[in-house]
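In case you want the letters, here they are:
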Amino acid sequence: MGNDFEKAVPRAGCARPKQSFSGPSVIASGSPSQIRNQGRPGQHYANYHSNSFNSEARRDEVQSRNTSGPNGFSGSGNKFQSPTGTIKAHGGGSQSNLRSLKSLQAVEQYYHTLQQMKWGPMTEHVLDSLHCKIDAFQANQVLKLLHDHTIALGFFQWLKRQPGFKHDGHTYTTMIGILGQARQFGIMRKLLEEMSRAHCKPTVVTYNRIIHAYGRANYLREAVKVFEEMHEAGYEPDRVTYCTLIDIHAKAGYLDVAMDLYGRMQEVGLSPDTFTYSAMVNCLGKGGQLAAAYKLFCEMIENGCTPNLVTYNIMIALQAKARNYENVVKLYKDMQVAGFRPDKITYSIVMEVLGHCGHLDEAEAVFVEMRRDWAPDEPVYGLLVDLWGKAGNVDKALGWYQAMLQDGLQPNVPTCNSLLSAFLKINRFQDAYIVLQNMLAQGLVPSLQTYTLLLSCCTEAQAQMGLCCQLMSITGHPAHMFLLYLPDAEPGGQNVRDHTGYFLDMMHSEDRESKRGLMDAVIDFLHKSGLKEEAGLIWEVAAQKNVYPDSVREKSSSYWLINLHLMSEGTAVTALSRTLAWFHRQILIMGTAPERIDIVTGWGRRSRVTGSSLVRQSVQKLLNLFEFPFFTTRGNTGCFVGCGEPLNKWLHNPYVERMHLL
DNA sequence: ATAGGGTTAG
């Protein structure tokens, strides 16, 4: 099944506004077209992004990126340290230094004016009253500092009306980039057209930004279309174009497409650079091919391409996740020998490793060490909240949450999720309720992860289901409507397929991991609630939509791998049953049968102890019950293998189609 | 003349 999906051109949807279910009545009676027509732009998701990073934090990032070279020294040259970050000023020489200073003042004036307000009729008057001439170069510098797209666009349009001012390719490209990041695709496109009319032809950079914007919002088809458009318009894609395409395809679960692009890039004579290598190392590692990732990392060095801090962080994180601690320590040292000081991300990776090994005190010690070089940010505090919460020590988790507030930081959604999860874990529902209410009161919009952890809790704590449901309901997340109005499966199940399809389309721009997490929780929940037919149908739709790209693949000709490794118990059983049923149908329809099937359960998602996995146990039970002819290989008791004639014979049984109902 | 894009934690 997976192979068909993976081979095909990415089918991740096309660009259209995100929709949200507008209310129960729509869904209850919901024909698909009704839902479509009544959908309105998803406020929910727009908010999520403006909340998850405040502009202060982002500026901080920009600053640290710009100022620290490999050794933490700031670059020399004509740079001014200013409150708005490092701005490279005009030319050289003492005469031009004065000019630079004036130019800088203009940039600062406009920036400070714009930063303080929302865009409104008054803003223009204030800008007019500055009586300060500005050219396209300076305007571009101001634009780069503005993260709010409404303000940026307001300023951009105001500039057009200034006598003597003319936008150029840079200001257009920067504006297009800001709009793209804010997912304002319509306006972005308009501006691209306008650009040609204004005699500023777009460049490769302009196209790259657009491709990136679509890709990060998960509109892969659209991103590829722009890539083709660009080609037809006579532009040659460069390293950045390829790097962007590689990254977005890998993130969306199309690792093979990413690999293919990597090859094509080299065929046209573009050698990979540090960014491209980093992206590739990351996507191989995340795709479960750690050995290949490390090989590429070494190859990169052999080819004379130096890893940067990000590359090291990626490689360290991958080794940490695979629990190869010796490699972690080695890379950590190599990184410092290469002249890079650990940054907040490096420290976070180390802290997380320590936390997961149960050494929370040492994780705290690393926090103290980090503090010597960096001001802790929200994610670092959030990590400690999470680690203590997972360790079951909610007092410590709360302590770190409060330390974060005292440090003047605003909590964000992931951190609240960690705290919420900590309370749920020890069944303190009243406190969980307070956390959730607090989130809402602060204008934080519960995320897919919030809903997912509540639903998982609901599945586990059967006795407290009512309380969990209450919590799920007050999140206001569309996933709740999806579950609440899930219809009973009609024969053939088309109604459930449609319902699920529309929900997943709505969740389009969420990242794949989050979607997988939610679908996993939903399927597990339904399976355990006895709605097995529905669970099976939902799994099929999710698989079709590439939410589980790694679950089924043809390793070599007629040799298939079913990977249940990252799934919950209910999902694993459902996925396995439906996949075997698919093989059954393939035999009947196409006459093609697999020669061998490996069913990999790993140790299961929640197990920390080798060999004691709930997933493995349930899968084995299921296989035994249906007399699936399997054996296990030496050294891997979590892998069930079926092959040859016994497998073929077994797959012919009609009951294979109904396995998931048991 | 000057400037613009892509990679990592939660």
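Going by an unreviewed UniProt entry, chain A carries the name Smr domain-containing protein and comes from Urochloa decumbens. Under the UniProt heading Sequence similarities (unreviewed entry), the note attached to chain A is "Belongs to the PPR family. P subfamily."

1. Some remarks on a nonpolar patch on the surface
A contiguous nonpolar surface patch, about 370 Å² in accessible area, is contributed by Leu588, Ile589 and Met590. Within the fold, leucine 588 resides in helix H32 (residues 569-590). Leucine 588 gets classed as exposed once you look at its relative accessible area, which sits at 58%.

2. Considerations on the UniProt feature "repeat: PPR" (unreviewed entry) in chain A
Following the UniProt record, one finds the feature "repeat: PPR" (unreviewed entry) at residues 168-202, 203-237, 238-272, 273-307, 308-342, 343-373, 377-411 and 412-446. Across residues 203-237, the secondary structure splits into 74% helix and 0% strand, with the terminal C-alpha atoms separated by 10 Å. The straight-line gap between the two end C-alpha atoms of residues 238-272 is 10 Å; of that span, 74% is helix and 0% is strand.

3. Re the protein's contact with DNA strand B
Every one of the 38 residues lining DNA strand B counts as a neighbour, but Asp168, Asn208, Asp238, Lys251 and Pro379 are closest to it. For DNA strand B, the fraction of atoms within 4 Å of the protein that belong to sugar or phosphate moieties is 29%. Within the side chain of lysine 286, one N or O atom sits 3.3 Å away from a phosphate oxygen of DNA strand B. Glutamate 352 is positioned such that a nitrogen or oxygen atom in its side chain is 3.3 Å from a phosphate oxygen of DNA strand B. Among the elements of the structure, helix H8 (136-145), helix H10 (169-181), helix H12 (204-216), helix H14 (239-251), helix H16 (274-286), helix H18 (309-321) and helix H20 (344-356) are those that each provide at least two residues to the surface near DNA strand B. For the surface near DNA strand B, the residue count by class is 11 nonpolar, 15 polar and 12 charged.

4. Brief notes about the nonpolar core
Among the nonpolar cores identified, the biggest contains 95 residues, and Leu424, Ile538, Leu564, Leu576, Leu580, Ile597 and Ile599 are the most heavily contacted of them. In terms of residues, this core owes the most to one element, H32, which gives 8 residues. In this structure, Cys200, Cys283, Leu284 and Tyr312 belong to the second largest nonpolar core, which totals 83 residues.

5. With respect to H16
Here H16 contains 13 residues, and its C-alpha end-to-end distance of 18 Å stays within 8% of the 18 Å for a straight helix at 1.5 Å per residue. Among the 13 residues in H16, 11 count as buried, and that is most of the element. Of the residues making up H16, those classed as buried are Thr274, Thr276, Tyr277, Ser278, Ala279, Met280, Val281, Asn282, Cys283, Leu284 and Gly285. Elements in contact with the buried residues of H16: H14, helix H15 (255-267), helix H17 (290-302) and H18.

6. Let's talk about the environment of proline 414
Relative to the elements of secondary structure, proline 414 occurs in helix H24 (residues 413-425). For the pair proline 414 and leucine 383, spaced 31 residues apart in the sequence, the C-alpha separation amounts to 9.3 Å.

7. Looking at the packing of aromatic side chains
A complete count under the given rule lists 23 aromatic pairs for this structure. Judged by centre distance (5.4 Å) and plane angle (55 degrees), the rings of phenylalanine 367 and tyrosine 381 are tilted. Separated by 14 residues along the polypeptide, phenylalanine 367 in helix H21 (residues 360-371) and tyrosine 381 in helix H22 (residues 378-390) bring together distant segments of the chain. Aromatic pair tryptophan 539 and tyrosine 548: ring centres 6.2 Å apart, planes at 35 degrees, arrangement tilted. Residue tryptophan 539 shares its accessibility class with tyrosine 548, and that shared class is buried.

8. A look at unusual backbone geometry
Even without a glycine there, the phi angle at arginine 183 is positive, about 60 degrees. Assignment of secondary structure puts arginine 183 in the loop between H10 and helix H11 (185-197). Phi angles above zero are rare outside glycine, and arginine 323 is one such case at about 60 degrees. Here arginine 323 is to be found in the loop between H18 and helix H19 (325-337).

9. Description of the pattern of salt bridges
Per the stated rule, a full pass over the model turns up 25 salt bridges. Glutamate 229 is paired through a salt bridge with arginine 189; the nearest N and O atoms lie 3.2 Å apart. Here glutamate 229 is found in helix H13 (residues 220-232), whereas its partner arginine 189 is found in helix H11, with 40 residues between them in sequence. The closest approach of N and O atoms between glutamate 657 and arginine 585, which form a salt bridge, is 3.0 Å. Here arginine 585 lies in helix H32 and glutamate 657 lies in the segment after helix H34 (644-651), a separation of 72 residues in the sequence. Residues participating in the shared-partner salt-bridge network are Arg497, Glu540, Arg578, Arg585 and Glu657.

Procedures and definitions
Residues numbered from 1 in each chain as written. Chains lettered and ligands numbered in written order. Predicted model: local features only at pLDDT ≥ 70, side-chain atom pairs only at ≥ 80, totals over all residues. Heavy atoms only, no water. UniProt positions renumbered as here; feature names shortened; annotations may be inferred. Patch = residues over 30% accessible without salt bridge, like charges linked within 9 Å, V, L, I, M, F, W, Y side chains within 5 Å. Areas by Shrake-Rupley, 256 points an atom, 1.4 Å probe, with all protein chains shown as cover. Salt bridge = Lys/Arg side-chain N within 4 Å of Asp/Glu carboxyl O. Helix = DSSP H or I, 4+ residues; strand = E, 2+ residues; numbered from the N terminus. Buried < 20%, exposed > 50% of the residue type's maximum accessible area, 1.4 Å probe, protein only. Near = heavy atom within 4 Å. Polar contact = N/O pair within 3.5 Å; in protein donor to acceptor, adjacent residues only side chain to side chain. Nonpolar A, V, L, I, M, F, W, Y, C, P; charged D, E, K, R; others polar. Core = buried A, V, L, I, M, F, W, Y, C linked by side-chain atoms within 4.5 Å. Expected span 1.5 Å × (residues − 1). Contact = heavy atoms within 4.5 Å. Phe/Tyr/Trp six-rings, centres within 6.5 Å; stacked < 30°, edge-to-face > 60°.

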